[in-house]
Number of protein chains: 2
Amino acid sequence: MFLNSRKWDPRGKSCYVTGGSQGLGLALSVLLAKKGANVTIVARDVKKMEEAVKLLEEHRQEPSQVFRYHSFSLNSADGAAAAVEAERAAAGGPSDAYFLCAGNSKPLYWLENTSEDLTAGMDQAYWVQAWTAHAASKLLVREKRTGKIVFISSTLALMSFVGYTSYSPGKHALKGLAETLRSELLLYGIDIHIFFAPTMLTPGYDEEMKTKPYITKKIEEDDSALTSEQAAAILFKGVAKGHHHISGNFITSLFRASSRGSAPSPNAFADFFLDNIAWIAIPIWRKLTDRSVIAHRDEHQKYLESKGLLG
Amino acid sequence: MFLNSRKWDPRGKSCYVTGGSQGLGLALSVLLAKKGANVTIVARDVKKMEEAVKLLEEHRQEPSQVFRYHSFSLNSADGAAAAVEAERAAAGGPSDAYFLCAGNSKPLYWLENTSEDLTAGMDQAYWVQAWTAHAASKLLVREKRTGKIVFISSTLALMSFVGYTSYSPGKHALKGLAETLRSELLLYGIDIHIFFAPTMLTPGYDEEMKTKPYITKKIEEDDSALTSEQAAAILFKGVAKGHHHISGNFITSLFRASSRGSAPSPNAFADFFLDNIAWIAIPIWRKLTDRSVIAHRDEHQKYLESKGLLG
């Protein structure tokens, strides 16, 4: 009891989960319901959200818990603001925590991306979360309420390699936004968290595998993946402990410890140790990866020709 | 001679410099002219570019050097592609090095930013460089040419704090793009460099001081600044040595060494040492900065009221 006294407890709190109809967002919504929170899911597909709310009902702990959903497109400032306002109107005030799980990725070679692909990549990796964070911050400050904003980023915010030109920049941008807001929202007592998710076995992952370049898949072939439920549990634990940077597995923690910026470490002693491992392990990984990319040159040239990208 | 044999020499090479009519871009253009390069400046203001080309003429080393300019708006894919194509047509082929110096910053409190401010911030910090990099990469690959792309980022790509929500995310995004491209463009032999600029005494700096929040100015009041010429010299030296990450001063190097991602260090031994200093110095800096932000709460509340941002 004493040791846990500073942990954040979602019981009776209202949690706003974007992208809550599937994948990490759904697993997190279920976890929050099990912990006694009120959960509001915000996504586009009404049918999926109806199913999701049914699932939340199965995990209800208290008769007083409220589960609901709003259907909005969140990749514009207006859509995100309208969704935050719809929930404010329904609940009679701001949410206690905003979990920003919406977003997806479409990996392609840099030369294959159209300008629309690159813009859509930034929308899905960054703006879909930034707009909700902006609307939620304004509402919390206006109503003189504290609260939490939780960004979902990726290992690819801490490093990057071939294939992720439309995704990694947006995930890096989220890290920069979270770090700025961690400092700036001290003005209002709003807490900022950011989860660096490793590969997760979600519908989004199945989707990105459809376009992922061959060499990217090859580099990732030995990666381990988390289920949505495992990732949600790690994310929740980090938020409850008040960590700003939260990483999903050992590899991501290595990159997090060696890409700290000015952000506080969840555990400075452990991270110092990880950072020392990173000094040795990451250059080796990079050299092997660079070698794979260079070895792929001839085959890639044929691919570009077959796609008419050299014309 | 032997020691320098692997250094990149711009003599006789064609260099494309966006934002070359003022500040860092102009200082870099002059430096490249002095080194015997052909220099093409791309910006909007024709009058400023005419002045800039006159200045380049004063530093001409060889009768064969060519200096010219193109007037384009670079913050759209089409504008950036048209500018790259105009130069290809004028020169009869791609440039050898693309230096992406265009861009600006308008610091405001997060709550003061309109959605247009945030979008324009990303355009100026990120897209204005990403679009040219995209067009240049496609051209180089199509013409089977190697070359260099040099991004201009900021210390604020490696850390961030209050006031930079419209700028730091875009500069982080550039770091992610550069890291992805360093890996991916090994497929084509195109080199990627990124300069993390500290505060520079440029027209852009004067402009950003006009909107910069009080607390941001206060946190920065002891920062040292580089002149454009000093920054251009550091940037050029890093590029000539083939460094991927290039930092402008000691403080930026501390953050670079502790935010390495998967990028190669310019000097792993020195950076290991800097990283150890960072483990001690940065948490102290952060605690002092957090304290300043929290101490500013009451005054900030009055500011928000005076601006009608709490209504």
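Residues numbered from 1 in each chain as written. Chains lettered and ligands numbered in written order. Predicted model: local features only at pLDDT ≥ 70, side-chain atom pairs only at ≥ 80, totals over all residues. Heavy atoms only, no water.

If you look chain A up in an unreviewed UniProt entry, it shows as 3-dehydrosphinganine reductase from Rickenella mellea. Per UniProt, the comment on chain A under Function (unreviewed entry) is "Catalyzes the reduction of 3'-oxosphinganine (3-ketodihydrosphingosine/KDS) to sphinganine (dihydrosphingosine/DHS), the second step of de novo sphingolipid biosynthesis." The record in UniProt for chain A states the following under Catalytic activity (unreviewed entry): "sphinganine + NADP(+) = 3-oxosphinganine + NADPH + H(+)". (UniProt positions renumbered as here; feature names shortened; annotations may be inferred.)

Turning next to the interface of chain B and chain A. Across the boundary between the two partners, chain B contributes 76 residues, which contact 76 residues of chain A. With both chains or domains summed, chain B and chain A bury close to 6,300 Å², and 63% of this area falls on carbon and sulfur atoms. At the junction of chain B with chain A, the criterion picks out 4 salt bridges. Two residues, Asp275(B) and Arg260(A), come together in a salt bridge whose shortest N-O distance is 3.0 Å. Counting across the interface, chain B meets chain A through 36 residue pairs in polar contact (both at pLDDT 80 or more). Elements with a minimum of two residues in the side of chain B that touches chain A: helix 4 (115–142), helix 5 (168–184), helix 9 (250–257), helix 10 (268–295) and helix 11 (297–306) of chain B. (Contact = heavy atoms within 4.5 Å. Buried area = accessible area lost by both parts, 1.4 Å probe. Salt bridge = Lys/Arg side-chain N within 4 Å of Asp/Glu carboxyl O. Polar contact = N/O pair within 3.5 Å; in protein donor to acceptor, adjacent residues only side chain to side chain. Helix = DSSP H or I, 4+ residues; strand = E, 2+ residues; numbered from the N terminus.)

Here we take up the pattern of salt bridges. Between side chains of opposite charge, pairing is possible as soon as their charged atoms come close. Throughout the structure, instances matching the rule amount to 30 salt bridges over all chains. Among the ionic pairs, Glu208(A) bridges to Lys212(A), the shortest N-O distance being 3.1 Å. Both residues of the pair, Glu208(A) and Lys212(A), count as buried. One salt bridge in this structure joins Glu51(B) and Lys54(B), with 3.6 Å as the shortest N-O distance. Taken as a pair, Glu51(B) and Lys54(B) lie in helix 2 (residues 46–58) at a separation of 3 residues, close to a single helical turn. Residue Glu51(B) is classed as partly exposed on the basis of its relative accessible area, which comes to 47%. Residue Lys54(B) is classed as exposed on the basis of its relative accessible area of 52%. Via salt bridges that share partners, Arg260(A), Asp275(A), Arg260(B) and Asp275(B) belong to a single interconnected network. (Buried < 20%, exposed > 50% of the residue type's maximum accessible area, 1.4 Å probe, protein only.)

A separate point is the relation of the copies chain B and chain A. Mapping chain B onto chain A is achieved by rotating through 180° and translating by 0.0 Å along the same axis, at an RMSD of 0.0 Å. Taken together, the rotation and translation relating the two chain copies correspond to the operation of a two-fold axis. Among all C-alpha atoms of chain B, that of Ser259(B) lies closest to the rotation axis, at 1.7 Å. Take the interface residues of chain B: 100% of them recur as interface residues in chain A, which is what a same-surface contact looks like. (Least-squares fit on C-alpha atoms with pLDDT ≥ 70 in both.)

Residue and element names in this part refer to chain B. Across the interface, helix 4 lies against helix 5 with an axial gap of 7 Å and an inter-helix angle of 25°. The pairing of helix 4 with helix 5 is recorded here as roughly parallel in orientation. Judged by the sense of rotation from one axis to the other, the crossing of helix 4 with helix 5 is right-handed. Contact residues: Met 122, Ala 125, Tyr 126, Gln 129 and Ala 130 in helix 4; Pro 169, Gly 170, Lys 171, Ala 173, Leu 174 and Leu 177 in helix 5. Residue composition of the contact of helix 4 with helix 5, grouped by class: 8 nonpolar, 2 polar and 1 charged. (Axes fitted to C-alpha atoms, helices over the stretch in contact; angles between N-to-C directions. Parallel < 35°, antiparallel > 145°, perpendicular 65-115°, else oblique. Left-handed = near helix turned anticlockwise from the far one by under 90°. Nonpolar A, V, L, I, M, F, W, Y, C, P; charged D, E, K, R; others polar.)

What follows covers the sheet that holds strand 4 (residues 97–100) of chain A. Residue and element names in this part refer to chain A. With respect to topology, 7 strands assemble into an open sheet ordered 3-2-1-4-5-6-9, the strand pairing being parallel. Each edge of the open sheet is held by one strand with a lone partner, namely strand 3 (67–71) and strand 9 (245–247). Strand-to-strand twist in this sheet, taken as the mean axis angle between neighbours without regard to direction, amounts to 20°. Here strand 1 (residues 14–18) runs beside strand 4; their pairing, made up of 4 bridges, is parallel. Opposite Thr 18, over in strand 4, you have Leu 100 as the bridge partner. Sheet strands in contact with helix 9 (residues 250–257) are strand 6 (190–197) and strand 9, and its direction is about 150° off that of strand 9. (Pairing = 2+ DSSP bridges.)

Next up on the list: helix 8 (residues 228–240) of chain A. Residues and elements named next belong to chain A. Under the 1.5 Å per step criterion, the end-to-end length of helix 8 is 18 Å for 13 residues, consistent within 8% with the ideal 18 Å. Looking only at helix 8, the buried set comprises Ser 228, Ala 231, Ala 232, Leu 235, Phe 236, Gly 238, Val 239 and Ala 240. Count one or two residues on from helix 8 and you reach Gly 242, which has phi positive near 80°. (Expected span 1.5 Å × (residues − 1).)

Moving on, we come to the pairing of strand 3 (residues 67–71) of chain B. Regular strands show a simple pattern: their side chains alternate between the two faces of the sheet. For strand 2 (residues 38–43) of chain B and strand 3 of chain B, the ladder comprises 5 bridges, and the chain directions are parallel. Residue Thr40(B) lies in a different strand from strand 3 of chain B, and its bridge partner there is Arg68(B).

A few words on a nonpolar patch on the surface. Taken together, Ile280(A), Ile284(A) and Leu288(A) make up a surface patch of nonpolar side chains, about 310 Å² in accessible area. Examined against the element boundaries, Ile280(A) turns out to sit in helix 10 (residues 268–295). (Patch = residues over 30% accessible without salt bridge, like charges linked within 9 Å, V, L, I, M, F, W, Y side chains within 5 Å. Areas by Shrake-Rupley, 256 points an atom, 1.4 Å probe, with all protein chains shown as cover.)

On to the side chain of Thr180(A), then. Tracing the sequence through the fold places Thr180(A) in helix 5 (residues 168–184). With residues up to four places along the chain from it excluded, the contact list for Thr180(A) reads Ser160(B), Phe161(B), Val162(B), Gly163(B), Tyr164(B), Thr165(B) and Ser168(B).

Let us look at the confidence of the model for chain A. Segments scoring low in pLDDT should not have their predicted coordinates read at a detailed level. Looking at chain A, the pLDDT average stands at 96 and 98% of residues meet or exceed 70. Our summary of model confidence lists the complex with pTM equal to 0.97 and ipTM equal to 0.97. (pLDDT = per-residue confidence, 0-100.)

On to the environment of Pro213(A), then. Here Pro213(A) shows up in the loop between helix 6 (203–209) and helix 7 (214–220). A sequence separation of 23 residues divides Pro213(A) from Ile190(A), and the C-alpha atoms of the two residues are 40 Å apart.

Before going further, it helps to examine the sheet that holds strand 6 (residues 190–197) of chain B. Residue and element names in this part refer to chain B. The strand order 3-2-1-4-5-6-9 describes an open sheet built from 7 strands, whose pairing is parallel. Pairing within the sheet leaves two strands with one partner each, and these edge strands are strand 3 and strand 9 (245–247). Direction aside, neighbouring strands of the sheet carry axes that sit 20° apart on average. Packing of helix 3 (residues 77–91) onto the sheet brings it into contact with strand 1 (14–18), strand 2, strand 3 and strand 4 (97–100), and relative to strand 3 it is tilted by some 150°.

Within the secondary structure layout, His245(B) lies in strand 9. Ignoring anything within four residues of it in the chain, the contact list for His245(B) reads Lys175(B), Glu179(B), Ile194(B), Phe196(B), Arg256(B), Ser259(B), Arg260(B), Ala263(B) and Pro266(B).

Here the focus is the nonpolar core. With 122 residues, the main nonpolar core has Tyr126(A), Phe151(A), Tyr126(B) and Phe151(B) as its most contacted residues. Not counting residues up to four positions away in its chain, the partners in contact with Phe151(B) are Leu100(B), Gln129(B), Ala133(B), Leu174(B), Leu177(B), Ala178(B), Leu181(B), Ile192(B), His193(B), Ile194(B) and Phe195(B). (Core = buried A, V, L, I, M, F, W, Y, C linked by side-chain atoms within 4.5 Å.)

Turning our eyes to something else, we now look at the environment of Val141(B). Its location among the elements puts Val141(B) in helix 4. Put simply, Val141(B) and Arg60(B) are 81 residues apart on the chain and 31 Å apart in space, counted from C-alpha to C-alpha. When near neighbours in sequence (up to four residues on either side) are disregarded, Val141(B) contacts Leu111(A), Leu304(A), Leu310(A), Tyr188(B) and Ile190(B).

Between the first and last C-alpha of helix 10 of chain B there are 39 Å, a value that for 28 residues agrees with the 40 Å anticipated at 1.5 Å per step. In the structure, helix 10 of chain B departs most strongly from a straight axis at Ala278(B), where the bend amounts to approximately 35°. Buried within helix 10 of chain B we find Asp271(B), Leu274(B), Asp275(B), Ala278(B), Trp279(B), Ile282(B), Arg286(B), Thr289(B), Asp290(B) and Val293(B). Check the buried side of helix 10 of chain B and you find it contacts helix 5, helix 9 and helix 10 of chain A together with helix 7 (214–220), helix 9 and helix 11 of chain B. In this structure Asn267(B) caps helix 10 of chain B, since a side-chain oxygen of it lies 3.2 Å from the backbone nitrogen of Phe269(B). (Bend = angle between axes of the 7 residues up to and from the residue.)

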